[in-house]
Amino acid sequence: MNASGRITRRGFVGGALLAGFGGEALAQGFAGLGESAEGFAPVVPGRTFAFPADHGPHPEFRIEWWYVTANLSDASGNAYGTQWTLFRQAIAPGGPQDGWANQQIWMGHAAVTRADTHRFSQVFARGGVGQAGVEAKPFHAWIDAWEMRGLDPASDENIAPLELKASGADFSYTLRLGALRPLVLQGDGGYSRKSLREQASYYYSQPHYSATGILTIDDKPVDVTGMAWLDREWSSQPLASDQSGWDWLSLHFTTGDKLMLYRMRQTDGQHYGSGKWITPDGKAEQLASGDITMTPLVFTEIEKRKIPTTWRIAVPKMALSIECTPLNARSWMGTSFPYWEGPIRFAGSHTGVGYLEMTGY
Amino acid sequence: MKRALWTLAVLLSHWRRHPMQLATLLIGLISATALWSGVQALNQQARISYDRAAATFGGTRTAMLVASSGVTFPQKLFVDLRRAGWPVSPVLEGRIQIEGRSLRLMGIEPVTLPAEVGNAPTIGKASLQSFMTPPGEMLVAPETLADLKLAEGARPEASGTLLPPLRIQPNLVPGVLVVDIGIAQSLLKMPDQLSRLLIGKAAGKRAPLENVTGDKLRLVEPDAETDLERLTNSFHLNLTAFGLLSFFVGLFIVNSAIGLAFEQRLPVLRTLRACGVSARMLNVVLVLELVTLALAAGLIGLVCGYFIAGALLPDVAASLRGLYGAQIPGQLTLKPQWWFAGIAISILGALAAAATSLTKALRLPLLATAQPFAWQQAQRRWLTYQSALALAAFAGAGGFLWFGDSLLSGFAVLAALMLGAALILPMVLEVALSIGQRYAQQPLGVWFWADSRQQLSGLSLALMALLLALAVNVGVSTMVESFSRTFLVWLDGRLAADVYVNAANDDQAHEIKSWLRERPEVEAILPGGRADTQLAGAPIEVLGLPDHATYRDNWPLLQSADNAWTKLRPGNAALVSEQLARRLQLSVGDRIDVPASGGNWTLDVVGIYADYGNPKGQIAVNFAALTRRFPEIPLTRMGLRVAPANIPALISALKEKFGLDDRNVADQATMKAESTRIFNRTFSVTAALNTFTLAVAGIALLTSLLTLANSRLPQLAPLWAIGITRRQLAVIELLKTMSVALITTIFALPLGLLVAWCLLAIVNVKAFGWRLPFHLFPLQLLWLTGVAMAAALAASALPVIRLARMQPASLIRIFANER
């Protein structure tokens, strides 16, 4: 139940994989989330996760992603955010074919955000020839010159340490991610149910990364440090038809606690929320829809859309009442399927930093 | 304002009384605009097609990487470059045969295809998933589908392999089949091989090329001008030149019509001035009147131009396909600029043609009535001045000839030559008529010549038009005939085999060969093959010639080393086509490096041969060596030596046994007929424009004569008064016109031959890369002279008949008239 937003959120973006050069006909024909999952593996409860194998791709499922966001700052205290995303989508079921006949399409999104600028880039690749892919051991995910690579001494349980690289026309970054705590299985042992349609995904996260590295904007490099969050998710399930978009947050508290929550906006006006609170010692608390209140406070107009970029969030159950403000209200990902994704900070009952993603506006 | 309107009404009333004059003026403007804009429409249509071709998945408009050596390179280099930050997209290109037709097969990778590369977005709409996943789709232009006589969704075979279903892609260049890269690799049997990498414009950090791929790949910068544009430049210059010529000839008509109207309206203008209309106002109204007429005529001209272009387009398309392999769709599409440009040129042309008359109107002395009888002095000054200009033009032509080395300078020589000839024409006529006058015995004879001279200033523009039209006609038809004669002789040598067979695939070719070997009437089987590669950045063909007497004895060589055919045998020597030799400045004894499948192939040039009508450079090598160096080429073509009597039986046996049709098997005579047909069609546009120009020149002459006829009554009336009958006067007038026309024609003949020489020795060499021998065709010259005289006769008929039937009262009135 908790991951219904996640699967849909990523799924929608993943579903629009080729919309950039395919146009509408293509998006319907093969972005494919509105179609049945026939021929692809179903997501069933009780799966036993095995690492490092599950860090690698699951081509029998239709969609999958490797998603890292980082909240960083430089020596003078200036804040930055980075995003690194690799999406995989199968355009046809069946065992993976060799060479160009391979059914996998890969898409990468990367961005850096500063208070005064937001830079992003998007790349596409076909599987089977080596332009993009993921290998579980040693861990290596790549598309073109972007990559996420496991470094020695590798810990499969922590999926760390990692080196993360991406570049666009006017930005680039190289980060080293380290984690001393193991990754977290979301939902019920990594099986994330979707409450309304019995749709589900396999889903785990590593919210505990520390990050150091260099990011370059307009050829000016800066050293940065901070925190990062990895999401891994795969599924074959279609998008729910009555969902218009979502507002999603990942939060790093100064106390070391982590919180993931989101709100699915449905066309019937019923917003459906969910979340997971992870304490520094690794305990996780599931949050239900009724536990969460999310209220937009400030709207920013971007490309003729009104985007709520400042939020009040309350989880009375956890004594949480905070106001989230964006580092840059114009963290717009003008990719083939455009969405808002950028670093935020929050204050109130708790303080900290995090990432906000909003789609469907 | 009211005054202006009244003035306009007064001026316009003139046309109501002289509808013929109005018609002439409009005809002039319409024909000028029509021919000019028709030609422009054709050029524009062709350019759109070239752009379309250039934009097709990295034509010359996109920067790309190609193999430094060889034709293809391993796919791994693509992945390495992507991983190093290069925004590259792979392309594999080759040829396949469908239904006996050889087509270009392009494999593209739609996911990485840069958005800015031409038709990418439209490919995307054709459902990317079905395009990429087997069996995939084969995108094809509607024209090609029609040529193949196949329906959308059909799955033809190539070399025994079932091809992906055909899908129409309206924006695609005809003759090209587009499939997914993976499908192309399997169809062309080139697994993991690529022909080139298109470089997207996406900026970003990328490692230096050498660090990623070593010296295996070479960067080719994008070209602002496409190959096709470069190749076809000459053709379009040619068309433009014709359009311009027709335009100017049309303006001659306008000029004389306006001159006549002005002459006749002089009293009205004077009256208007005397009534208080200012010279300025008068001029404004005159310009307004002219612009209105030009606007109306321009619109009609544009519509006519559209139809002319539409009528000529199939021939233009055929020419461009035949000469350059350029594919032009048969449907005319016009941009709005074309309409505006057409109207503008009509108005500007009308204003230019009326400039003299308008200046006169501006300076019109209010009360002047005296006629300028000092015409002779004025004319002498004018003649001297014009002749000086003519000499300058000739000097210019010489300069362009000596210093110029481009197609444009070739045309500049032609233009300067024609301009000079046109300008010197009055002087030539003056001299010729003076000589006539000197030898004249009777007073009437003397008057005949002297009066002809006096008419020169009035007729000279029309005669210049006639001269230019004739000279161009002589020049172009001499060139076409020379070409035709050379081409036919060359074709005889080139098509030396008696029967040509093209099998559907290699297996069938094998079966056909074994079957032919059993047939006693087949004297020899000459296998043929052709590979495509690149030399010095441009595509070339490599032709395989078997070592056989048929070629040694018949293949026409322009230059050759000793024992060229023997030297060809080991596979390290090549014959080079004339075009390629000229472009790369190759001569016998040079050495070339040709990219082949396994690496570069070094060849000695042992001969140069004519290869008329081939847009691509070509080299010919030993057939066995070709198959060793390009093992992947289809070996489906062959020529057969058969005694003529046995040809029909053999062809029908071949058709029956192997299910071949006319496209796959043909005898020499059919091939020759087909080539000649294509050749003839190539020049049908030229012929049509030639005729148009001559017709326009005829109209120019007619209007000039009409103009003169009226103003010349004061000269003729005294002759009538002293006893020469109107009929005699008419005959004299006719003779006068015919004699100046004849002198002009005689002058046009050498000029035309000079034009022909320029076309053959300068323009053709630059445009096509071949030089043709110059032939003289006296009968044709005689015929053209006849046509010119007929045109002059037709043009003078109306004014002469009018004179013969003129009421004596009109002639008497001359003496009463103040003028």
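Residues numbered from 1 in each chain as written. Chains lettered and ligands numbered in written order. Predicted model: local features only at pLDDT ≥ 70, side-chain atom pairs only at ≥ 80, totals over all residues.

1. Regarding the overall build of chain B
- Scanning chain B from terminus to terminus reveals 26 helices and 22 strands.
- Relative to its full complement of 819 residues, chain B shows a buried share of 46%. (Helix = DSSP H or I, 4+ residues; strand = E, 2+ residues; numbered from the N terminus. Buried ≥ 20, exposed ≤ 12 C-beta atoms within 10 Å, placed from the backbone.)

2. Quick look at the overall build of chain A
- Within chain A one finds two helices and 23 strands.
- For chain A, long-range pairs separated by at least 24 residues make up 57% of all intrachain contacts whose partners lie at least 6 apart in sequence. (Contact = placed C-beta atoms within 7 Å.)

3. Here we look at the packing of helix α14 (residues 443–494) of chain B against helix α25 (residues 778–804) of chain B
Residues and elements named next belong to chain B.
- Between α14 and α25, the shortest axis-to-axis distance is 11 Å and the interhelical angle comes to 155°. Between α14 and α25, the angle is such that the two are roughly antiparallel. Of the two elements, α14 crosses α25, and the hand of that crossing is right-handed. Note on element contacts: α25 touches α14 through Q780, L781, L784 and A788, opposite L466, L470, N473, V474, S477 and E481.
- Class assignment for the residues of the contact of α14 with α25 results in six nonpolar, three polar and one charged. (Axes fitted to C-alpha atoms, helices over the stretch in contact; angles between N-to-C directions. Parallel < 35°, antiparallel > 145°, perpendicular 65-115°, else oblique. Left-handed = near helix turned anticlockwise from the far one by under 90°. Nonpolar A, V, L, I, M, F, W, Y, C, P; charged D, E, K, R; others polar.)

4. A word on unusual backbone geometry
All names here are of chain A.
- Following D152, the chain continues into P153 via a peptide bond in cis, with omega recorded as -5°.
- Tracing the backbone through its elements, the reader meets P153 in strand β7 (residues 146–155).
- Residue P161 follows A160 across a cis peptide bond; omega there is -10°.
- Structurally, the position occupied by P161 is in strand β8 (residues 160–167).
- Within the chain, D144 stands out as a residue other than glycine whose phi angle is a positive 50°.
- On the secondary structure map, D144 appears in the loop between β6 (140–143) and β7.

5. Considerations on the environment of M106(B)
- Following the sequence through the fold, M106(B) ends up in strand β4 (residues 101–108).
- Counting along the chain gives 14 residues from M106(B) to L92(B), while the straight-line C-alpha distance between them is 5.8 Å.

6. With respect to helix α11 (residues 336–362) of chain B
Residue and element names in this part refer to chain B.
- Across its 27 residues, α11 extends 36 Å between first and last C-alpha, which sits within 8% of the 39 Å expected from 1.5 Å per residue.
- The sharpest bend along α11 comes to roughly 55°, located at A355.
- Residues of α11 that are buried: W338, G342, I345, S346, I347, G349, A350, A353, A354 and A361. (Expected span 1.5 Å × (residues − 1). Bend = angle between axes of the 7 residues up to and from the residue.)

7. Here we look at the environment of E285(A)
Residues and elements named next belong to chain A.
- Note on placement: E285 falls in strand β17 (residues 284–287).
- Given 15 C-beta atoms within a 10 Å radius, E285 is considered partly exposed.
- The sequence separation of E285 and M318 amounts to 33 residues, and the corresponding C-alpha distance is 9.5 Å.

8. Quick notes on the packing of helix α13 (residues 407–439) of chain B against helix α24 (residues 726–767) of chain B
Residue and element names in this part refer to chain B.
- Packing of α13 against α24 leaves a shortest axis separation of 10 Å and a crossing angle of 170°. Viewed along their axes, α13 and α24 adopt a mutual orientation that is roughly antiparallel. Contacts from L407, G410, F411, V413, L414, L417, A421, L425, V428, L429 and A432 of α13 reach α24 at V740, I743, T744, F747, L751, L754, V755, C758, I762, V763, K766 and A767.
- Across the contact of α13 with α24, the residue classes tally to 20 nonpolar, two polar and one charged.

9. Regarding the environment of A788(B)
Residues and elements named next belong to chain B.
- Looking at the secondary structure, you find A788 in helix α25.
- A C-alpha to C-alpha distance of 8.4 Å links A788 and G698, two positions 90 residues apart in sequence.
- Excluding its chain neighbours within four sequence positions, the residues that come into contact with A788 are L466, L470, A741 and T745.

10. Describing the sheet that holds strand β9 (residues 176–180) of chain B
All names here are of chain B.
- Read across the sheet, eight strands follow the order β8-β5-β9-β4-β3-β11-β1-β12 without closing on themselves; strand pairing throughout is mixed. Taken across any chain shown, the strands that pair with only one partner, and hence form the sheet edges, are β8 (166–168) and β12 (217–220). The average angle at which neighbouring strand axes cross in this sheet is 30°, direction not considered.
- In this structure, strand β1 (residues 64–67) lies alongside strand β11 (residues 196–199), joined through three bridges in antiparallel fashion. Bridge assignment links L65 to a residue of β11, and that residue is L197.
- Sheet strands touched by helix α3 (residues 76–83): β3 (88–98), β11 and β12. Its angle to β3, the strand with the most contacts, is close to 155°. (Pairing = 2+ DSSP bridges.)

11. Points about α13(B)
- Here α13(B) spans 47 Å end to end across 33 residues, near enough to the 48 Å set by a 1.5 Å rise per residue.
- The sharpest bend along α13(B) measures roughly 40° and falls at I424(B), with the proline P426(B) sitting one to four residues further on.

12. Here we look at the nonpolar core
- Formed by 204 residues in total, the largest nonpolar core has its most connected members in A465(B), L466(B), L467(B), L468(B) and A471(B).
- Broken down by element, the residue count for this core peaks at 21 residues, all from α14(B).
- L467(B) has contacts with A421(B), A422(B), L425(B), T744(B), F747(B) and A748(B), leaving out every residue within four places of it along the chain.
- With 97 residues, the next largest nonpolar core counts A110(A), Y204(A), W246(A) and F253(A) among its residues. (Core = buried A, V, L, I, M, F, W, Y, C linked by C-beta atoms within 7 Å.)

13. So, the confidence of the model for chain A
- Averaged over all residues, the pLDDT of chain A is 84; the fraction at 70 or higher stands at 86%.
- For the stretch residues 1–35 of chain A, pLDDT sits under 50, and the model shows 116 contacts to residues farther than four places along the chain or on other chains. (pLDDT = per-residue confidence, 0-100.)

14. What to know about the confidence of the model for chain B
Residue and element names in this part refer to chain B.
- Per-residue confidence for chain B gives a mean pLDDT of 81; residues scoring 70 or more make up 89%.
- Ranking the elements of chain B by mean pLDDT puts helix α4 (residues 120–125) last with 44 and α3 first with 94.
- Here residues 119–126 scores under 50 on pLDDT; set against residues more than four positions off or in separate chains, the count is 25 contacts.
- Below a pLDDT of 50 lies the segment residues 369–375, which in the model reaches four contacts outside its immediate sequence neighbourhood of four places, other chains included.

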